[in-house]
Amino acid sequence: MIGQIFTPWRWAELLSSWQDFAFAFLTTLQVAFFALLLALCIGAIAGVLSASRSRILRAIVRVYVEFFQNTPLAIQVFFVYYALPYAGIVLYEVPIGILCVGLYTGAYISEVVRTGINSIPKGQFDAAESQGFSYVQTMALIILPQTVKAILPPLANQCVNLIKNTSILAMIAGGDLMYFSNAWATNGHFSYGPSYLICGLLYFILCFPLTHWARSYEEKLKASVQGGKA
Amino acid sequence: MIKLAHVYKNFGKTEVLKDINLEVREGEKLVIIGTSGSGKSTTVRCMNFLEEPTSGQVYVNGTLLTHKNKTEVVRSSSAMVFQSFNLYPHMDVLHNLTLAPMRLHRIPKKEAIDTAFHFLETVGLTDKAYAYPSTLSGGQQQRVAIARALCSKAKIILFDEPTSALDPEMVQEVLDVIVRLSEENITMVVVTHEMGFAREIADRIVFMDNGRIIEEGTAQHFFESPEEDRTRAFLSKII
């Protein structure tokens, strides 16, 4: 039976469905892209707020971050998909994926941004304040531009996690790559082997360049003199 | 020009400043001396509200500093030079010098750049205008920081231990610049451990210990006939 897993006819079957795979891949890309946009927006705002002086704003962000970091993404997706309709809120699978994965990753990005801001020496805030810059100006002109460089590698890693996490859509028949790979095999001649292999390869093609870039950029940052033109 | 009245400052349960009363006159060069932990840095940081006093008042040009007006008042009246330079590492020297004038004082770009070059000349670093701070030595960075303070055209410059983070061979180049500045009509408050330098520029010296002002007077009075035992003990240790 072992020999059956990757027999040539299974590959032929898969090849004849390549267009469907491509479509599912595009769905995954679409969810990932918009979820990333959402996550970056929320993460940047929440991150800046959690480094602010207002205790109330910090508390609100804390609740958001802790909630999404300490519950499984699956529950969040199930809640929106199965429970919210009883409140009259019905969303399609792709928007659910964008919303849930975006909010979930946003919590992690918020932490990345906060740590980045906190890593900037306090003297930078002193200098800006002593020159008469307001808090918002200090952030926009002096602190955040320095933060961005330092947090690019962890951001790329969050992006990778986000891409992989879009596979959560498979649990609610979301039409994404993971869901399709599984459904295609189940509904055909059970060619799970080639199907999952190709599925994994497609995720890998998306993610590997990002992780690779993040690692080399981090090396470069370390090598360049701190604060130089990295 | 600056007046501290009954200023107290606590960090948590530690009392760092206890009833500081101090007035700095226009054009005066005031030097604050004291052991580490005596509260001298905190005192000068209260003068631009980088530290807000736990109680007491700070006046700048007659205006009472508050949490609300501090940014406005500080912007128009004082500049600060720090122990660790605190240049903005993501900008070149010229950009460091023109950022505040252009963004805060709405000075046209060309004028801001001219001013920047003028003060780079004052500190002898015109050739470093397009260098990034990380490529400069500590002494050069501090001279850029002084030029940045001058570009604000503030009437008051606060120096918080400007040479304490420098390698010994770079101390003098920075002190020389400050000495030269002291001949102009800028009000200067300087926290320093450099006694020879203090003696040279000070119109008045304040000695602090344990959060209080112990003694104040002219440089001559301070170094030659101090009245307080603690001042004498301090001087005997360092000279």
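Remember, predicted model here, so these are calculated numbers, not experimental data. (Residues numbered from 1 in each chain as written. Chains lettered and ligands numbered in written order. Predicted model: local features only at pLDDT ≥ 70, side-chain atom pairs only at ≥ 80, totals over all residues. Heavy atoms only, no water.)

Student: Even after reading the chapter, I still don't get the confidence of the model for chain B, so can you show me in this structure?
Tutor: Fine structural detail should not be taken from predicted coordinates in areas where pLDDT scores are low. Confidence in the prediction for chain B averages 93 pLDDT; 100% of positions are at 70 or higher. Both scores are available for the predicted complex, with the pTM at 0.84 and the ipTM at 0.92. (pLDDT = per-residue confidence, 0-100.)

Student: What am I meant to see in the packing of aromatic side chains here?
Tutor: Here the distance between the centres and the angle between the planes together describe a pair of aromatic rings. Applying the stated criterion across every chain, the model contains 17 aromatic pairs over all chains. With a centroid separation of 5.4 Å and an interplanar angle of 85 degrees, the aromatic rings of A:Phe78 and A:Tyr82 are classed as edge-to-face. Of this pair, A:Phe78 and A:Tyr82 both sit in helix α4 (residues 73–83), four residues apart, which is roughly one turn of that helix. Classification of A:Phe78 as partly exposed rests on a relative accessible area of 31%. On the numbers, 4.7 Å between centres and 80 degrees between planes, the contact of A:Tyr81 with A:Tyr82 is edge-to-face. Take A:Tyr81: its relative accessible area is 24%, and that puts it in the partly exposed class. Through a chain of ring-to-ring contacts, three or more aromatic side chains come together here, namely B:Phe207, B:Phe222, B:Phe223 and B:Phe234. Across from the ring centre of B:Tyr88, 4.6 Å away, lies the NZ or CZ of B:Arg148, which sits over that ring. (Phe/Tyr/Trp six-rings, centres within 6.5 Å; stacked < 30°, edge-to-face > 60°. Helix = DSSP H or I, 4+ residues; strand = E, 2+ residues; numbered from the N terminus. Buried < 20%, exposed > 50% of the residue type's maximum accessible area, 1.4 Å probe, protein only. Lys NZ or Arg CZ within 6 Å of the ring centre and 35° of its normal.)

Student: What exactly am I supposed to notice about the sheet that holds strand β1 (residues 2–11) of chain B here?
Tutor: Residues and elements named next belong to chain B. Reading across from one edge, β2-β1-β4-β5 is the order of the four strands in this open sheet, with antiparallel pairing throughout. Both outer strands of the open sheet, β2 (14–24) and β5 (63–64), are each paired with one neighbouring strand and no more. The pairing of β1 with strand β4 (residues 55–60) spans five bridges and is classified as antiparallel. Note on β4: the bridge partner recorded for Lys3 is Tyr59. (Pairing = 2+ DSSP bridges.)

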